[in-house]
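# Overview (structure and organization)
Each chain is listed here by its residues.
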Amino acid sequence: MNIGELSRLSGLPVKTIRYYSDVGLVPEAERSHAGYRRYDHDSLVRLEFVRTLRELGLDIATIKRVLDRGEDLGAVAAAHAEALGVQIRVLRLRRAALRAVSLHSAQGDPTPAELDRMTRIAQASTDERRRIVDEFFDSIFTGIADSAEAAEFTARMRSVSPELPDDPTDAQVDAWIELAGMLREQDFRARLREMSKRSFASDERRLAPTDMSEISWFTGHVGAYMDDGVAPGSPQAVPVVAAVLDRWGVAEGDREALIDQLTLAVDPRAERYWQLMAVINGWPPVPATMHRWEWFLNALRAGRGPLA
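Residues numbered from 1 in each chain as written. Predicted model: local features only at pLDDT ≥ 70, side-chain atom pairs only at ≥ 80, totals over all residues. Heavy atoms only, no water.

### With respect to the pattern of salt bridges
Pairing is possible between side chains of opposite charge, provided their charged atoms come close. For the structure shown, the criterion picks out 21 salt bridges. Salt-bridge contacts for Glu28 lead to Arg37; the nearest nitrogen and oxygen are separated by 3.7 Å. One salt bridge connects Arg269 with Glu185, and the closest N-O pair in it is separated by 2.9 Å. Residue Arg269 is found in helix H14 (residues 268-281), and its partner Glu185 is found in the loop between helix H9 (170-183) and helix H10 (186-199); the two are separated by 84 residues along the sequence. One connected set of salt bridges, linked through shared partners, spans Glu185, Asp187, Arg191, Asp267 and Arg269. (Salt bridge = Lys/Arg side-chain N within 4 Å of Asp/Glu carboxyl O. Helix = DSSP H or I, 4+ residues; strand = E, 2+ residues; numbered from the N terminus.)

### A few points about the packing of aromatic side chains
Summed over the entire model, instances satisfying the criterion amount to 13 aromatic pairs. Ring geometry for Trp248 and Trp293: centres 6.1 Å apart, planes at 25°, overall stacked. Pair noted here: Trp248 is in helix H12 (residues 237-248) and Trp293 is in helix H15 (residues 290-302), with a separation of 45 residues, a long-range link. The class of Trp293 is buried, set by a relative accessible area of 12%. Aromatic side chains Trp248 and Phe296 sit 5.6 Å apart centroid to centroid with 65° between the ring planes, which places their arrangement in the edge-to-face category. Taken together, the positions of Trp248 in helix H12 and Phe296 in helix H15 put the pair 48 residues apart, joining distant regions of the chain. (Phe/Tyr/Trp six-rings, centres within 6.5 Å; stacked < 30°, edge-to-face > 60°. Buried < 20%, exposed > 50% of the residue type's maximum accessible area, 1.4 Å probe, protein only.)

### Focus on the environment of Gly143
Tracing the backbone through its elements, the reader meets Gly143 in the loop between helix H7 (126-141) and helix H8 (148-159). The exposure class of Gly143 is exposed, given its relative accessible area of 74%. Taking the C-alpha atoms as reference points, Gly143 and Ala61, 82 residues apart in sequence, are found 61 Å from one another.

### Quick word on H10
For H10, spanning 14 residues, the distance from its first C-alpha to its last is 20 Å, which sits close to the expected 20 Å at 1.5 Å a residue. Listed in full, the buried residues belonging to H10 are Phe188, Arg189, Leu192 and Ser196. Buried residues of H10, seen end-on, are gathered within an arc of 100° and therefore sit on one face of the element. The elements touched by buried residues of H10 are H7, H9 and H14. (Expected span 1.5 Å × (residues − 1). Arc of directions from axis to C-beta. Contact = heavy atoms within 4.5 Å.)

### A look at the packing of helix H11 (residues 212-227) against H15
The geometry of H11 relative to H15 is characterised by a closest axis approach of 9 Å and an angle of 70° between their N-to-C directions. Overall, the two elements H11 and H15 adopt an arrangement that is roughly perpendicular. Here Ile215, Phe218, Thr219, Val222, Gly223, Met226 and Asp227 of H11 lie close against H15, whose contacting residues are His291, Arg292, Trp293, Trp295 and Phe296. Looking at the contact of H11 with H15 residue by residue, the classes come out as seven nonpolar, three polar and two charged. (Axes fitted to C-alpha atoms, helices over the stretch in contact; angles between N-to-C directions. Parallel < 35°, antiparallel > 145°, perpendicular 65-115°, else oblique. Nonpolar A, V, L, I, M, F, W, Y, C, P; charged D, E, K, R; others polar.)

### With respect to a nonpolar patch on the surface
Together, Trp274, Trp283 and Val286 make up a nonpolar patch on the protein surface, roughly 240 Å² of accessible area in all. Relative to the helices and strands, Trp274 resides in helix H14. Its relative accessible area of 31% is what places Trp274 among the partly exposed residues. (Patch = residues over 30% accessible without salt bridge, like charges linked within 9 Å, V, L, I, M, F, W, Y side chains within 5 Å. Areas by Shrake-Rupley, 256 points an atom, 1.4 Å probe, with all protein chains shown as cover.)

### Describing the layout of surface pockets
Gaps left between atoms are located by rolling a probe of water-molecule size over the structure's atoms. Size it by volume and the largest pocket reaches roughly 1,700 Å³. Surrounding the largest pocket, 41 residues form its lining, Phe153, Met195, Thr210, Ile215 and Trp274 being those nearest its centre. Secondary-structure elements contributing two or more residues to the lining of the largest pocket are H7, H8, H10, H11, helix H13 (255-265), H14 and H15. The element best represented in the lining of the largest pocket is H10, accounting for six residues. (1 Å grid on protein atoms, 1.4 Å probe; cavity = no way out; pocket = protein on both sides within 12 Å on 5 of 7 lines; lining within 4 Å. Points joined across faces, edges and corners; volume = space filled by probe spheres on them.)

### Regarding H12
The end-to-end C-alpha distance of H12 is 17 Å, a good match for the 16 Å that twelve residues give at a rise of 1.5 Å each. If you check which residues of H12 are buried, you get Ala237, Val240, Val241, Ala242, Val244, Leu245 and Trp248.

Here it is in structure tokens:
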């Protein structure tokens, strides 16, 4: 067949086929007496193979080495797949940075410094992510307490860090960008540092439980009334609060101290931190319970009179 027929059968332009022939990818089977290129069925098969490899992104030189049996196609495909994987990860991170910029723009256009920071956060390496987290924990725990309990708690917190996988999902990248931004909030750091100082102070008495079974009971107890529409300032909330305080052994004289402790501790960002960590690390989702604590704190404040 002539080059026009090969073009019609393959769907490739004559110019492209002529180029592939000139560089040796699809050499003609023979030349006519007039010097025109002639091709056969093997030429068509080879041309379609070349087109497939080009569509996959292989360069001309690599394809020629494969066709000339200088390189194994499987090895070439594996190497190319890895290279594409790297490109995909980079593009995904760039897209996440642009999404962050878009969301930030809803509150006003970001400054060049903010734009650069979000981009760097999105494309941070594993070591860079670790440094961001370590610096966050340093700002909270350094110089807080030298007790064994404080050291154990600090070590435990530091051991649980965001581990973004090599091929993260969009949700994981978005979660990392949000988390990194949260870790830089000075108000959040100051609040956590104050919570840590109080937690490990020798004269501090913890009034709210930290045991997970007790917390589960609390959220279930309060949640049942919240879901029934009981307002925190209503008379119906008084026995709800009384049951909690009785279970926790909190006397009426400790009400203000409990309000003070919960005012510091009830921060949606603390819960959001663990929710983002769960997304990034592929853990089970962390359910939202902070609104239960907020309801209880508001009910405590509203019922500063005698307990029912």
